[in-house]
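# A closer look at the structure
One letter stands for each residue in the lines below.
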Amino acid sequence: MTPPLMLTTWSFGPVGADAAFPALAQGADALDAVVHAVTAIEDDPDIDSVGVGGLPDAGGRVSLDACVMTDPDRAGAVACLRRHPNPAAVARRVMERTIHVMLVGDDADDFADAQGFAPRELLTDDARRIWEKWRSDPGAIDRDKYKGWLPPRNVEELRGVDVSARRADLSREPHHDTVGVLALDTRGRLAGACSTSGMAFKSPGRVGDSPIIGQGLYVDQTAGAACATGTGELITGVSGSFLIVELMRRGAAPLDAIRETLERIAARFTLQEEHQTAFLALRPDGAWASAALRPGFKHTITTADGSLVQPPHLVLKP
Ligand code: ASP
């Protein structure tokens with residue numbers, strides 16, 4: 001496909017594309033475009049899995065993770081931000097203003113303060129209500145909205161309580177909404193950004209795949225770009241985004257690279273009902289693909305013709 005183009009995980013992609021694609025079409029840099037797109041999605045309080053409005057951890061506190069990348073020597077990440085709403089922009093500063101790749105926790109929030117990012121309460125009233133409902137009765141959570149996405153209560157899980165019966169009657173369409181954005185600009189430059197509030201009701205301190213270079217995101221101008229959404233523990237186990245880019249480097253088409261990665265996950269994990277994983281892959285020549293482990297995933301593709309929200313090219317376990 002001819003550049004510029006932008007690929008976004010999930011159906012909220014147009015929120016980011018509307019904000020970032022016009023400049024990308026005018027020749028803006030791919031990195032500016034992905035950070036701009038992700039920031040618009042982080043700032044939308046109706047999107048309850050990214051930025052402000054994200055669902056909290058088991059203790060009721062929101063923590064945000066993100067990374068950005070354009071090449072192996074150009075990457076930045078933050079994890080467990082609790083006071084700043086735009087982790088992708090902070091991750092970009094880590095990349096541009098430090099000699100490091102990743103900052104975490106309180107120190108990452110302090111870095112954001114020092115860089116002039118305004119702190120803000122991340123827990124919205126809506127997200128607090130959902131958390132309170134989950135805490136009082138995990139089985140009663142709004143199943144229409146959170147189909148199949150009901151992580152076990154962490155305390156029970158830590159104590160080894162069997163929560164499988166509770167899971168059994170849930171729908172198979174999981175609710176996983178990390179935003180991953182890949183872009184190819186008019187000069188043929190690739191960039192990616194990935195941002196999340198992580199798994200809802202996670203154990204405090206848990207970090208998934210999304211801010212980890214090679215897992216939630218990987219970009220190499222000479223081979224391609226990939227990003228992930230879904231159960232971070234599965235993606236991490238196979239270094240999902242890195243694996244996809246390496247397979248493309250060795251000649252695999254984007255869809256074949258994702259298929260092989262999903263097959264690796266399916267072969268090496270005992271899959272649970274709530275597990276979902278989806279990837280986007282983009283080659284420097286504009287060839288791209290989208291695929292998911294289970295039904296329910298959608299991506300957004302944006303070109304000069306506009307944005308299309310579509311199902312993936314492949315669902316491994318339909
Ligand atoms: N990948 C994210 C994480 O594991 C969550 C998600 O995409 O639902 O933190």
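None of these values were measured; they are calculated from a predicted model. (Residues numbered from 1 in each chain as written. Predicted model: local features only at pLDDT ≥ 70, side-chain atom pairs only at ≥ 80, totals over all residues. Heavy atoms only, no water.)

## A word on the sheet that holds strand β7 (residues 217–220)
The sheet built from 5 strands is open, its strands ordered β7-β8-β9-β10-β13 with mixed pairing. The sheet is open, and its two borders are formed by β7 and β13 (314–315), each paired with just one other strand. Seen against the sheet, helix α9 (residues 240–249) touches β7, β8 (224–230) and β9 (277–282) and runs at an angle of roughly 150° to β8. Each of β9, β10 (288–292) and β13 is contacted by helix α10 (residues 254–268), which is oriented at about 25° to β10, the strand it contacts most. (Pairing = 2+ DSSP bridges. Helix = DSSP H or I, 4+ residues; strand = E, 2+ residues; numbered from the N terminus. Contact = heavy atoms within 4.5 Å. Axes fitted to C-alpha atoms, helices over the stretch in contact; angles between N-to-C directions.)

## Some remarks on the sheet that holds strand β6 (residues 190–196)
The sheet built from 8 strands is open, its strands ordered β4-β3-β2-β6-β5-β1-β11-β12 with mixed pairing. The sheet terminates laterally at β4 (102–104) and β12 (306–310), the two strands that pair on one side only. Here the average twist between neighbouring strands, direction ignored, is 10°. When strand β3 (residues 74–81) meets β4, the two strands line up parallel, connected through 3 bridges. Looking at β4, one finds that A79 is bridged to V104. On the sheet, helix α1 (residues 13–25) packs against β1 (5–9), β5 (179–184), β11 (299–303) and β12 and is oriented at approximately 160° with respect to β1. Packing against the sheet, helix α3 (residues 87–97) makes contact with β2 (64–71), β3, β4 and β6, and its axis sits at approximately 130° to β3.

What is shown is where atoms sit, not what they do.
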